[in-house]
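Per-entry structural report
Okay, here's what each chain looks like letter by letter:
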Amino acid sequence: MIKILIAEDEDKMRQVIRKYLEKEEYEVIEACDGGVALEILEKENDFSLIILDVMMPLIDGWTLCRKVREKLDTPIIMLTARGEEYDRLFGFELGVDDYIVKPFSPRELVARIKAILKRSSKTVKNHILTYGNIKISPLERILLVDDEEISLTPKEFDLLLFLTTNNKQVCSREVLLNKVWGYDFMGDLRTVDTHIKQLREKISPYKGYIKTIWGTGYKFKVEE
(Lines give C-alpha, C1' and ligand atoms only; values in the text may rest on other atoms or scores of the structure.)
Protein backbone atom coordinates (compact mmCIF):
# COMPACT_ATOMS: atom_id res chain seq x y z
CA MET A 1 0.00 0.00 0.00
CA ILE A 2 1.15 3.53 -0.75
CA LYS A 3 2.13 5.31 2.45
CA ILE A 4 1.99 9.10 2.78
CA LEU A 5 3.12 11.35 5.63
CA ILE A 6 1.21 14.60 6.25
CA ALA A 7 2.95 17.20 8.43
CA GLU A 8 0.43 20.00 9.01
CA ASP A 9 -0.35 21.87 12.24
CA GLU A 10 -3.89 22.87 11.23
CA ASP A 11 -6.11 20.00 12.41
CA LYS A 12 -8.95 20.73 10.00
CA MET A 13 -6.63 20.96 7.00
CA ARG A 14 -4.90 17.73 7.97
CA GLN A 15 -8.22 15.90 8.38
CA VAL A 16 -9.50 17.07 5.00
CA ILE A 17 -6.33 15.92 3.26
CA ARG A 18 -6.44 12.59 5.07
CA LYS A 19 -10.07 12.05 4.06
CA TYR A 20 -9.34 12.56 0.38
CA LEU A 21 -6.20 10.41 0.43
CA GLU A 22 -7.90 7.55 2.21
CA LYS A 23 -10.61 7.60 -0.48
CA GLU A 24 -7.77 6.72 -2.86
CA GLU A 25 -6.83 3.85 -0.50
CA TYR A 26 -3.53 5.41 0.56
CA GLU A 27 -2.19 4.74 4.03
CA VAL A 28 -1.91 8.10 5.81
CA ILE A 29 0.32 8.96 8.78
CA GLU A 30 -0.23 12.34 10.45
CA ALA A 31 2.13 14.71 12.25
CA CYS A 32 0.80 17.82 14.00
CA ASP A 33 4.10 19.70 13.82
CA GLY A 34 7.61 19.50 12.40
CA GLY A 35 9.06 17.91 15.52
CA VAL A 36 6.62 15.01 15.46
CA ALA A 37 7.20 14.57 11.72
CA LEU A 38 10.96 14.33 12.24
CA GLU A 39 10.49 11.72 14.97
CA ILE A 40 8.32 9.66 12.62
CA LEU A 41 10.84 9.94 9.77
CA GLU A 42 13.69 8.85 12.03
CA LYS A 43 11.78 5.62 12.71
CA GLU A 44 10.16 5.06 9.32
CA ASN A 45 11.70 5.71 5.90
CA ASP A 46 9.28 3.79 3.70
CA PHE A 47 6.97 6.66 2.76
CA SER A 48 6.05 6.97 -0.91
CA LEU A 49 5.45 10.71 -0.54
CA ILE A 50 5.70 13.45 2.11
CA ILE A 51 3.44 16.50 2.42
CA LEU A 52 4.93 19.35 4.46
CA ASP A 53 3.35 22.60 5.60
CA VAL A 54 5.86 25.46 5.56
CA MET A 55 4.77 27.19 8.77
CA MET A 56 4.83 24.64 11.59
CA PRO A 57 5.82 24.79 15.29
CA LEU A 58 9.14 23.42 16.54
CA ILE A 59 10.55 22.67 13.09
CA ASP A 60 9.32 24.54 10.02
CA GLY A 61 8.72 22.89 6.66
CA TRP A 62 11.86 24.26 4.99
CA THR A 63 14.12 22.94 7.76
CA LEU A 64 12.36 19.57 7.75
CA CYS A 65 12.64 19.36 3.96
CA ARG A 66 16.36 20.01 4.20
CA LYS A 67 16.76 17.27 6.80
CA VAL A 68 14.76 14.81 4.68
CA ARG A 69 16.89 15.54 1.61
CA GLU A 70 20.05 14.75 3.57
CA LYS A 71 18.96 11.10 3.75
CA LEU A 72 15.98 10.44 1.48
CA ASP A 73 14.94 10.96 -2.13
CA THR A 74 11.24 10.64 -1.21
CA PRO A 75 9.00 13.01 -3.24
CA ILE A 76 7.95 16.10 -1.25
CA ILE A 77 5.01 18.46 -1.72
CA MET A 78 5.10 21.75 0.19
CA LEU A 79 1.91 23.45 1.39
CA THR A 80 2.03 27.17 2.11
CA ALA A 81 -0.07 30.30 2.32
CA ARG A 82 2.73 32.24 0.67
CA GLY A 83 2.95 32.29 -3.10
CA GLU A 84 5.77 34.72 -3.82
CA GLU A 85 8.22 33.70 -6.53
CA TYR A 86 11.13 33.71 -4.06
CA ASP A 87 9.40 31.10 -1.90
CA ARG A 88 8.74 28.84 -4.87
CA LEU A 89 12.30 29.07 -6.10
CA PHE A 90 13.68 28.48 -2.62
CA GLY A 91 11.56 25.34 -2.32
CA PHE A 92 12.71 23.95 -5.65
CA GLU A 93 16.33 24.60 -4.74
CA LEU A 94 15.84 22.51 -1.59
CA GLY A 95 14.60 19.60 -3.69
CA VAL A 96 10.83 20.05 -3.38
CA ASP A 97 8.92 18.15 -6.08
CA ASP A 98 5.82 20.32 -6.01
CA TYR A 99 4.55 23.44 -4.32
CA ILE A 100 0.90 24.25 -3.73
CA VAL A 101 -0.44 27.51 -2.29
CA LYS A 102 -3.34 27.66 0.17
CA PRO A 103 -6.25 27.75 -0.28
CA PHE A 104 -6.30 24.87 -2.74
CA SER A 105 -8.67 22.19 -3.96
CA PRO A 106 -8.11 18.80 -2.28
CA ARG A 107 -8.86 17.23 -5.66
CA GLU A 108 -6.01 19.20 -7.20
CA LEU A 109 -3.68 17.99 -4.45
CA VAL A 110 -4.74 14.39 -5.09
CA ALA A 111 -4.12 14.84 -8.84
CA ARG A 112 -0.64 16.17 -8.19
CA ILE A 113 0.11 13.33 -5.78
CA LYS A 114 -0.99 10.76 -8.33
CA ALA A 115 1.21 12.34 -11.00
CA ILE A 116 4.27 12.33 -8.74
CA LEU A 117 3.67 8.74 -7.62
CA LYS A 118 3.21 7.62 -11.21
CA ARG A 119 6.50 9.20 -12.20
CA SER A 120 8.45 7.86 -9.25
CA SER A 121 7.16 4.30 -9.81
CA LYS A 122 8.38 4.07 -13.39
CA THR A 123 11.22 1.62 -13.89
CA VAL A 124 14.04 2.43 -16.27
CA LYS A 125 16.57 0.02 -17.71
CA ASN A 126 19.89 0.45 -15.98
CA HIS A 127 22.03 1.51 -18.91
CA ILE A 128 24.37 4.47 -18.84
CA LEU A 129 23.46 7.39 -21.07
CA THR A 130 26.54 9.20 -22.36
CA TYR A 131 26.56 12.70 -23.83
CA GLY A 132 30.10 13.93 -24.30
CA ASN A 133 31.56 14.20 -20.80
CA ILE A 134 28.18 13.80 -19.16
CA LYS A 135 27.00 10.36 -18.02
CA ILE A 136 23.58 9.56 -16.58
CA SER A 137 22.42 6.39 -14.81
CA PRO A 138 18.59 6.57 -14.94
CA LEU A 139 17.94 3.68 -12.55
CA GLU A 140 20.47 4.76 -9.94
CA ARG A 141 19.62 8.42 -10.63
CA ILE A 142 23.28 9.37 -10.78
CA LEU A 143 24.81 12.18 -12.83
CA LEU A 144 28.52 12.19 -13.61
CA VAL A 145 30.26 15.23 -15.11
CA ASP A 146 33.90 14.56 -16.03
CA ASP A 147 33.50 11.35 -13.97
CA GLU A 148 32.59 13.36 -10.87
CA GLU A 149 29.18 12.72 -9.29
CA ILE A 150 26.98 15.81 -9.23
CA SER A 151 24.12 16.20 -6.77
CA LEU A 152 20.75 17.05 -8.32
CA THR A 153 17.33 17.53 -6.80
CA PRO A 154 14.74 14.95 -7.94
CA LYS A 155 13.09 17.50 -10.24
CA GLU A 156 16.41 18.62 -11.74
CA PHE A 157 17.28 15.00 -12.50
CA ASP A 158 13.88 14.34 -14.12
CA LEU A 159 14.23 17.46 -16.24
CA LEU A 160 17.76 16.61 -17.38
CA LEU A 161 16.75 13.02 -18.16
CA PHE A 162 13.80 14.19 -20.27
CA LEU A 163 15.93 16.69 -22.19
CA THR A 164 18.70 14.19 -22.87
CA THR A 165 16.41 11.34 -23.90
CA ASN A 166 14.75 13.76 -26.32
CA ASN A 167 18.18 14.76 -27.56
CA LYS A 168 18.25 17.56 -30.19
CA GLN A 169 14.46 18.01 -30.05
CA VAL A 170 13.12 21.43 -29.09
CA CYS A 171 10.90 21.11 -25.99
CA SER A 172 8.55 23.95 -25.15
CA ARG A 173 8.10 25.08 -21.56
CA GLU A 174 4.52 23.76 -21.65
CA VAL A 175 5.72 20.31 -22.78
CA LEU A 176 8.40 20.22 -20.10
CA LEU A 177 5.92 21.17 -17.39
CA ASN A 178 3.48 18.52 -18.55
CA LYS A 179 6.00 15.72 -19.02
CA VAL A 180 8.39 16.41 -16.15
CA TRP A 181 5.94 17.75 -13.58
CA GLY A 182 3.34 15.25 -14.79
CA TYR A 183 0.19 17.36 -14.81
CA ASP A 184 -1.26 20.49 -16.42
CA PHE A 185 0.71 23.01 -14.43
CA MET A 186 -1.33 26.07 -13.48
CA GLY A 187 1.54 28.16 -12.18
CA ASP A 188 4.30 30.28 -13.68
CA LEU A 189 6.15 28.98 -16.75
CA ARG A 190 9.29 30.49 -15.24
CA THR A 191 9.46 27.39 -13.05
CA VAL A 192 11.12 25.68 -16.03
CA ASP A 193 13.54 28.58 -16.55
CA THR A 194 14.59 28.40 -12.90
CA HIS A 195 15.34 24.68 -13.09
CA ILE A 196 17.20 25.11 -16.39
CA LYS A 197 19.37 27.78 -14.77
CA GLN A 198 20.14 25.46 -11.85
CA LEU A 199 20.97 22.57 -14.19
CA ARG A 200 23.34 24.72 -16.23
CA GLU A 201 25.19 25.76 -13.09
CA LYS A 202 25.57 22.14 -12.01
CA ILE A 203 26.81 20.75 -15.33
CA SER A 204 29.22 23.61 -15.97
CA PRO A 205 31.48 23.80 -18.06
CA TYR A 206 29.00 22.00 -20.34
CA LYS A 207 26.08 24.33 -19.69
CA GLY A 208 26.07 25.14 -23.41
CA TYR A 209 24.64 21.66 -24.05
CA ILE A 210 21.27 23.00 -22.84
CA LYS A 211 20.32 25.45 -25.53
CA THR A 212 17.67 28.14 -25.33
CA ILE A 213 15.41 28.37 -28.37
CA TRP A 214 14.05 31.87 -28.01
CA GLY A 215 10.29 32.09 -28.01
CA THR A 216 9.95 28.30 -27.90
CA GLY A 217 11.80 26.47 -25.16
CA TYR A 218 14.94 24.37 -24.78
CA LYS A 219 16.83 21.51 -26.34
CA PHE A 220 19.81 19.39 -25.32
CA LYS A 221 22.58 19.05 -27.90
CA VAL A 222 26.18 18.08 -27.35
CA GLU A 223 28.55 20.50 -29.06
CA GLU A 224 30.83 18.80 -31.51
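Source: prediction; values computed, not measured.

Attention now goes to the nonpolar core. Judged by nonpolar contacts, the single largest core of 53 residues is most densely connected at Met78, Ile134, Ile136, Leu143, Leu163 and Phe220. Among the elements that line this core, the one with the most residues is helix H6 (residues 154–165), at 6 residues. Within the second largest apolar cluster, 18 residues are counted, among which are Ile17, Ile100, Ile116 and Leu117.

Applying the stated criterion across every chain yields a total of 18 salt bridges. Residue Glu22 is joined to Arg18 by a salt bridge in which the shortest nitrogen-to-oxygen separation is 2.7 Å. Here Arg18 and Glu22 lie together in helix H1 (residues 11–23), a separation of 4 residues that amounts to about one turn. For Glu22, a relative accessible area of 38% corresponds to the partly exposed category. Classification of Arg18 as partly exposed rests on a relative accessible area of 27%. Where Asp158 meets Arg141, a salt bridge forms, and the shortest distance between an N and an O atom there is 3.0 Å. One end of the pair, Asp158, is in helix H6; the other, Arg141, is in the loop between strand S7 (134–137) and strand S8 (142–145), and 17 residues separate them in sequence. Given a relative accessible area of 31%, Arg141 falls into the partly exposed group. Linked by salt bridges that have partners in common, Asp11, Arg14, Arg18, Glu22 and Glu30 make up one network.

Glancing now at the sheet that holds strand S10 (residues 171–172). The strands that make up a sheet pair up through hydrogen bonds in the backbone, lying either parallel or antiparallel. Taken together, the 3 strands give an open sheet; going across it, the order is S10-S12-S11, and neighbouring strands pair in antiparallel fashion. Edge positions in the sheet fall to S10 and strand S11 (210–213), since each has one partner strand and no second. Both S10 and strand S12 (residues 217–220) contribute to a ladder of 2 bridges, which runs antiparallel. In the sheet register, Ser172 faces S12, and the bridge partner there is Gly217. Relative to S12, H6 is tilted by about 70 degrees, and along the sheet it contacts S10, S11 and S12. Here helix H8 (residues 190–202) sits on the sheet and contacts S11 and S12; the angle it forms with S11, its principal contact strand, is near 145 degrees.

We now examine the side chain of Ser172. Here Ser172 lies in strand S10. A polar contact is formed between the side chain of Ser172 and the backbone nitrogen of Val175, at a distance of 3.1 Å. In this structure Ser172 touches Thr216 and Gly217, once residues within four positions along its chain are discounted.

Another point: the sheet that holds S7. Read from one edge to the other, the open sheet built from 4 strands follows the order S6-S7-S8-S9, with strand pairing classed as antiparallel. Across the chains shown, the open sheet's two edge strands, defined by having one partner strand only, are strand S6 (129–131) and strand S9 (148–150). Averaged over all pairs of adjacent strands, the angle between strand axes in this sheet comes to 25 degrees, irrespective of strand direction. Here S6 runs beside S7; their pairing, made up of 3 bridges, is antiparallel. Paired with Leu129 across the bridge in S7 is Ile136. Contacts from H6 reach S6, S7 and S8, with the element oriented near 110 degrees to S7.

Residues of the protein chain with pLDDT of at least 70 account for 91%, and the chain-wide mean is 87. No element of the protein chain has a lower mean pLDDT than helix H4 (residues 85–94), which averages 71, and none a higher one than strand S1 (residues 3–7), which averages 96.

What follows deals with H1. For H1, which comprises 13 residues, the first-to-last C-alpha distance of 18 Å matches the rise-based estimate of 18 Å (1.5 Å per residue) to within 8%. The complete set of buried residues in H1 reads Met13, Arg14, Ile17 and Leu21. For H1, the angular spread of the buried residues around the axis is 95 degrees, confining them to a single face. Of the residues in H1, the exposed ones pointing more than 90 degrees away from the buried face are Lys12, Lys19 and Lys23. Among the structural elements, S1, strand S2 (27–31), strand S3 (49–53), strand S4 (76–80) and helix H5 (106–120) are those in contact with the buried residues of H1. Once H1 finishes, Glu25 follows within two positions and takes phi at roughly 70 degrees, a positive value.

Cut-offs used in this document
Residues numbered from 1 in each chain as written. Predicted model: local features only at pLDDT ≥ 70, side-chain atom pairs only at ≥ 80, totals over all residues. Heavy atoms only, no water. Core = buried A, V, L, I, M, F, W, Y, C linked by side-chain atoms within 4.5 Å. Buried < 20%, exposed > 50% of the residue type's maximum accessible area, 1.4 Å probe, protein only. Helix = DSSP H or I, 4+ residues; strand = E, 2+ residues; numbered from the N terminus. Salt bridge = Lys/Arg side-chain N within 4 Å of Asp/Glu carboxyl O. Pairing = 2+ DSSP bridges. Contact = heavy atoms within 4.5 Å. Axes fitted to C-alpha atoms, helices over the stretch in contact; angles between N-to-C directions. Polar contact = N/O pair within 3.5 Å; in protein donor to acceptor, adjacent residues only side chain to side chain. pLDDT = per-residue confidence, 0-100. Expected span 1.5 Å × (residues − 1). Arc of directions from axis to C-beta.

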